[in-house]
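Examining the three-dimensional arrangement
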Amino acid sequence: MSSVADEVKRRRTFAIISHPDAGKSTMTEALALHARMISEAGAIHGKAGRKSTVSDWMEMEKARGISVSSTALQFNYTPAGWSDDDEPAVINLVDTPGHADFSEDTYRVLTAVDAAVMLIDAAKGLEPQTLKLFQVCRHRGIPVITVINKWDRPGQTPLELIDEISERIGLTPTPLYFPVGIAGDFRGLLDRRTGRYIHFTRTAGGAKIAPEEIMDAEAAAAREGDEWVAASEESALLTEMGQDHDQELFLAGETSPMIFSSAMLNFGVRQLLETLVELAPAPAGRTDLDGTVREPTDPFSAVVFKVQAGMDASHRDRLAYMRIVSGEFERGMVVTHAQTGKPFATKYAQAVFGRDRSTVDTAYPGDVVGLVNATALAPGDTLFNDPRVQFPPIPSFAPEHFSSLRATTADKYKQFRKGMDQLDSEGVVQVLRNDLRGDASPVLAAVGPMQFEVVTARLKSEFNVDTVIDPLGYTLARRTDAESADELNRQRGVEVFTRTDGALLALFSDKWRLQYIEKEHPDLTLEPLVATAD
Ligand code: G4P
């Protein structure tokens, strides 16, 4: 039997952060193909030219009863050069919800990973959602690997993209693999660390792993001519500018190893997997509320990072996803819920997408496990086996959308209140109240407006209360204190609320209003709600 330390060492837990359409689903599928979890790509989208019959993937979804896109995907991968006797690496790909619309869930997922892959469309460069997610990674100190995707289509030049990332987000890309052939003419990759060339061959519809030919510089020059020369020269330029990979700087969040890919053609996908295994950090310890580090080899502990309800209308089940921080998890184990001190039986634990049955029953640090019917659990909660541990709560993020909510059926107030308390405790939205508005119409604050729809839908389905959402004219919030509240309430375009956790929040109609008030009243306490504060 392998030790917890060995299991930790071979695990990599990461998320892909990207703007919608950059190719996250395609890349996820390409990774699964390379890990031989599926035998053919193309099933998710049913892309023309790719096979769209029921795939192993969908079979897997059916067997597990959970949608691939909603949770985490676990697979084994044996990098080239590892012997068959080596235990393969275990990759946990934790999914970030892929909507254009943001929600707190998206951020919370990033508290469960040890690294992120920033996937960028070569033609579009940095896009708003990538930027937002990147900022969360930066604040949490999550190392980022950058992948420039869709290199098979016309796009910007590598150096333009590298400059854009350096300038706009202050992260220095250090390409590991440099493209040979301009965007739209993707021939292969120059492995900058070995100087060798990896030439890819397309497969029909990109359904299979693209065959690779690896050759030295001389053979590459003979084969690709000017394209090889251009890639070599630009690579040398990057070396001169100090943009070679440096593991310490990468882990410190200052540089980002970069790869060019075509998820659709399966080019650069193996390189991404190998980079994850080689360079991304294995699960590390986590600091608890007392400042003590719970090491991965310590007794079992885990953090709940996401709660999902109502997936199965007939059962109204509620799944809490925990990321294991330390120790070995065995299904059926009775653990303690730190927030209530109560025992929690894990009989209905599901290793969300285990590769085989054994992972359903046992899990290790870095793994994500779904707990069924976990009504007592909320995002940020800790579960442990003695000795006791409690991790800091997941920070609540800076809301940007504010609406008041009221029940349209007057006699349902009790149900309404109960439902709101429930959704509030689950962290579905932030709930704000003040004396002026009273309890009948609390104000909901969210990172993305979709969170409001979840509230109304769940109040209806689970509490049988009809509600309406009235958007308010506020766009940003600042944390304030009791001394400043009176003055702020006197200002036009400002309103002060108490959030359920006791924090006082001042809402502003727009940033100009805020700037004006800050200038006129420099003594007032107005602190940004850092989306990412720990
Ligand atoms: P997302 O999950 O990040 O939202 O992106 P998704 O994978 O769904 O990809 C968005 C679109 O980009 C899809 O095309 C997909 O086929 C395409 N795409 C992804 N990776 C690549 C790539 O490396 N090269 C090229 N050329 N295209 C790529 P679509 O037309 O929107 O969907 P479909 O109906 O064709 O499947």
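Residue numbers run consecutively from 1 along every chain, following the written order of its sequence. Selection of residues for local features in this predicted model requires a pLDDT of at least 70, selection of side-chain atom pairs for listing and counting requires 80 or more, and totals for whole chains, interfaces and linings are taken over all residues. Neither water nor hydrogens contribute to the side-chain values; these are computed over all heavy atoms in the structure.

- For the protein, the name recorded in an unreviewed UniProt entry is Peptide chain release factor 3, with Gordonia desulfuricans as its organism.
- UniProt positions are given in the numbering used here, feature names are shortened, and annotations may be inferred rather than shown by experiment. Listed under Function (unreviewed entry) in UniProt, the entry text for the protein is "Increases the formation of ribosomal termination complexes and stimulates activities of RF-1 and RF-2. It binds guanine nucleotides and has strong preference for UGA stop codons. It may interact directly with the ribosome. The stimulation of RF-1 and RF-2 is significantly reduced by GTP and GDP, but not by GMP."
- Check the Sequence similarities (unreviewed entry) section of the UniProt entry for the protein; it says "Belongs to the TRAFAC class translation factor GTPase superfamily. Classic translation factor GTPase family. PrfC subfamily."

1. A word on the overall build of the protein
- What counts as a helix is a DSSP run of H or I of at least four residues, what counts as a strand is a run of E of at least two, and both are numbered from the N terminus. A tally of helices and strands in the protein yields 15 helices and 30 strands.
- Counting only residues that meet the buried cut, the protein has 54% of its 534 residues in that class. Burial status follows relative accessibility: with a 1.4 Å probe on protein chains alone, a residue under 20% of its type maximum counts as buried, one over 50% as exposed, and anything between as partly exposed.

2. Digging into the sheet that holds strand β6 (residues 172-175)
- Any two strands with at least two DSSP-identified bridges between them are counted as paired. With mixed pairing, seven strands are arranged side by side in an open sheet as β2-β3-β1-β4-β5-β11-β6. A strand with exactly one partner marks an edge of an open sheet, and here the two such strands are β2 (72-77) and β6. Geometrically, the sheet is characterised by an average inter-axis angle of 30° between neighbouring strands, direction not taken into account.
- When strand β4 (residues 115-121) meets strand β5 (residues 144-149), the two strands line up parallel, connected through six bridges. Looking at β5, one finds that D121 is bridged to N149.
- Across the sheet, helix α2 (residues 24-34) touches β1 (11-18), β2, β3 (89-94), β4 and β5, and the angle it forms with β1 is around 155°. Angles shown run from 0 to 180 degrees and are taken between the N-to-C directions of axes, each axis being a line fitted to C-alpha atoms and, for helices, limited to the stretch in contact. What makes two residues a contact is simply this: any of their non-hydrogen atoms within 4.5 Å.

3. Here's the deal with the side chain of Q243
- Note on placement: Q243 falls in the loop between α8 (226-240) and α9 (247-251).
- For Q243, a relative accessible area of 8% corresponds to the buried category.
- For this analysis, a polar contact is any N or O atom pair within 3.5 Å, provided that within protein one partner can donate a hydrogen and the other can accept it, and provided that sequence-adjacent residues contribute only side-chain to side-chain pairs. Here P173 takes part through its backbone oxygen, which lies 2.8 Å from a polar atom of the side chain of Q243.
- For Q243, the contacting residues outside a window of four places in its chain are I162, T172, P173, T174, P175, R192 and L238.

4. Some details on the sheet that holds strand β26 (residues 467-471)
- If you trace the eight strands from one edge of the open sheet to the other, you get β26-β23-β25-β24-β28-β29-β27-β30, paired in antiparallel fashion. Single-partner strands in this sheet number two, and they are β26 and β30 (527-528).
- Across two bridges, the pairing between strand β24 (residues 430-433) and strand β28 (residues 494-499) is antiparallel. Along β28, the bridge assignment pairs L432 with R499.
- Relative to β28, helix α14 (residues 482-490) is tilted by about 145°, and along the sheet it contacts β27 (476-480), β28 and β29 (504-508).
- Against the sheet, helix α15 (residues 511-520) engages β27, β28 and β29, with an angle of about 30° to β27.

5. Some points on the pattern of salt bridges
- The rule for a salt bridge is simple: a side-chain nitrogen of Lys or Arg has to be within 4 Å of a carboxyl oxygen of Asp or Glu. Throughout the structure, instances matching the rule amount to 25 salt bridges.
- As a salt-bridge pair, E164 and R168 come within 2.8 Å of each other at their nearest N and O atoms. Of the two residues, E164 and R168 both sit in helix α6 (residues 158-169), four residues apart, roughly one turn of that helix.
- Accessibility expressed as a relative area gives 46% for R168, which makes it partly exposed.
- A salt bridge links R490 to E487; the nearest nitrogen and oxygen atoms lie 3.0 Å apart. With R490 and E487 both in helix α14 and three residues apart, this pair spans about one turn of that helix.
- Note on R490: relative accessible area 62%, which makes it exposed.
- Its relative accessible area of 23% is what places E487 among the partly exposed residues.

6. Some details on the nonpolar core
- By size, the foremost hydrophobic cluster in this structure holds 90 residues, and its most contacted members are M27, L31 and M118.
- Those residues in contact with M118, other than ones at most four positions away along the chain, are I17, L126, T130, F134, V144, I145, T146, V147, I165, I169 and L171. The definition of a nonpolar core used throughout is a set of buried Ala, Val, Leu, Ile, Met, Phe, Trp, Tyr and Cys residues joined through side-chain atoms within 4.5 Å.

7. Digging into α8
- Expected helix span is computed as 1.5 Å times (number of residues minus one). Compared with an ideal rise of 1.5 Å per residue, which puts 15 residues at 21 Å, α8 spans 21 Å between its outermost C-alpha atoms and is within 8% of the ideal.
- Within α8, the full set of buried residues consists of W228, A231, S235 and L238. What you see down the axis of α8 is that its buried residues fit within an arc of 90°, all on one side. When the buried face of α8 is taken as reference, the exposed residues oriented beyond 90 degrees from it are D226, E233 and E240.
- Looking at the buried side of α8, the elements it contacts are α6, β6, β7 (177-180), β8 (188-191), β9 (196-200) and α7 (217-224).
- A positive backbone phi angle near 80° is found at G242, which sits one or two residues after α8. The arc in question is the one traced by the directions running from the helix axis out to the C-beta atoms.

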